[in-house]
Amino acid sequence: LVVVSRPEDIGQTPDGAPHDTTSTPSSPAKQAPRTRQLLADRDFWIIALGLGLIYSAPMLNGVYLVRHMEHGGISRQAAGFVFAWMAAFGVLGKLVTAALADRVDKRWLVWGLVALQVASWVLILPPPGYATVLVAGVGLGLGVGGFVPLPALFVGTWFGRSAFGQVAGLMT
């Protein structure tokens, strides 16, 4: 495997941008901010805390959803299938979000994914039937899976390529 610091060094461009023939491949990259600067940055904390809260949803699904379904009369085995269903739709959610990320305002994308998860939980708040749980599982899977590409998208958009590794490392 070969690691390339800048796509331009091998004749490629990020995000499908047109190739600029006037720049030289060895032009210096923008300097990454210091850790102290990042930790003092309001945007860093808003993104980190927002993503942290959003990523708590799948943990809550894992902890409470099976017990909630059992309380509604659904067997543990049937509840386990709902998680397989959610995982499959999570893959689809990731692909759809990645495709939409270049075409839709990122804020609307986040709100849409949050709304999808909230609507799915509201759907199963009363003791649900199995069909209702499967429908909610689709929404939860799409919503949770849809968030997978977002941290990289936010870090790259707000902090740039030169700080990507540093910011992503601090946020995790």
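Thresholds applied
Residues take numbers from 1 onward in each chain, read along the sequence in its written order. Local features are withheld for residues below a pLDDT of 70 in this predicted model, meaning they are given only at 70 or higher, and side-chain atom pairs are given and counted only at 80 or more; totals for whole chains, interfaces and linings count all residues. Water and hydrogen atoms play no part in the side-chain values, which are based on all heavy atoms of the structure. In this description a helix means any DSSP run of H or I spanning at least four residues, a strand means any run of E spanning at least two, and both kinds are numbered starting from the N terminus. In this scheme, a residue with accessible area under 20% of its type's maximum is buried, one over 50% is exposed, and one in between is partly exposed, where area comes from a 1.4 Å probe on protein chains only. Note on definitions: a residue-residue contact is assigned when non-hydrogen atoms from the two residues lie within 4.5 Å. One number per residue, pLDDT, summarises how confident the predictor is, and it ranges from 0 to 100. An axis is simply a line fitted to the C-alpha atoms; with a helix, the fit covers only the stretch in contact. Between two such axes, the angle follows the N-to-C directions and lies from 0 to 180 degrees. Small angles under 35 degrees read as roughly parallel and large ones over 145 as roughly antiparallel, with 65 to 115 read as roughly perpendicular and the rest as oblique. All amino acids are sorted into three groups, where Ala, Val, Leu, Ile, Met, Phe, Trp, Tyr, Cys and Pro are nonpolar, Asp, Glu, Lys and Arg are charged, and the leftover types, Gly among them, are polar. Given a helix with a known number of residues, its expected span is that number minus one, times 1.5 Å. Note that the arc is defined by the directions from the helix axis to the C-beta atoms.

**Focus: the overall build of the chain**
Of regular secondary structure, the chain possesses eight helices and zero strands. Starting at the N terminus and ending at the C terminus, the chain contains elements arranged as α-α-α-α-α-α-α-α. Within the chain, buried positions represent 27% of all 172 residues. Sequence-distant contacts, at least 24 apart, represent 69% of the contacts inside the chain between residues at least 6 apart.

**Description of the confidence of the model for the chain**
Residue-level pLDDT values for the chain average 85, and 88% of them are 70 or greater. Least confident of the elements in the chain is helix H3 (residues 56-71), whose mean pLDDT is 86; most confident is helix H6 (residues 130-146), at 94.

**Section: the side chain of Asn61**
Along the chain, the position of Asn61 falls in helix H3. Setting aside residues up to four positions removed in sequence, Asn61 forms contacts with Val66, Phe83, Met86, Trp121, Leu140 and Val144.

**A short note on the side chain of Ser120**
Residue placement: Ser120 occurs in helix H5 (residues 106-123). The residues touching Ser120, leaving out its near neighbours within four places in the chain, are Ala136, Gly139 and Leu140.

**Details of the packing of helix H2 (residues 42-54) against H3**
Any two packed helices are characterised by the angle at which their axes cross and by the distance between the axes. Between H2 and H3, whose axes approach to 4 Å, the crossing angle comes to 15 degrees. In terms of their interaxial angle, H2 and H3 are classed as roughly parallel. Seen from H2, the contacting residues are Gly52, Leu53 and Ile54; seen from H3, they are Ser56, Ala57 and Pro58. For the contact of H2 with H3, a count of residues per class yields four nonpolar, two polar and no charged.

**A closer look at the packing of H3 against H6**
Contact geometry for H3 and H6: axes closest at 12 Å, N-to-C directions at 175 degrees. If you check the angle between H3 and H6, you find them roughly antiparallel. Judged by residue contacts, Pro58, Asn61, Leu65 and Met69 of H3 engage Val133, Leu140 and Val144 from H6. Grouping the amino acids of the contact of H3 with H6 by side-chain chemistry returns six nonpolar, one polar and no charged.

**As for the environment of Pro128**
Looking at the element boundaries, Pro128 is found in the loop between H5 and H6. By relative accessible area, Pro128 is classed as buried at 6%. Separated by 56 residues in the primary sequence, Pro128 and Gly72 have C-alpha atoms spaced 6.0 Å apart.

**Looking at H5**
Here H5 is 18 residues long and its end C-alpha atoms lie 26 Å apart, about the 26 Å a rise of 1.5 Å per residue gives. Here H5 has its buried residues at Leu109, Val110, Leu113, Gln117 and Ser120. Across the axial projection of H5, the buried residues extend over an arc of 105 degrees, all falling on one side. Across H5 from its buried face, at more than 90 degrees, point the exposed residues Arg107, Trp108, Trp111 and Val122. Looking at the packing, one finds that the buried side of H5 touches H2, H3, helix H4 (76-100), H6 and helix H7 (150-159).

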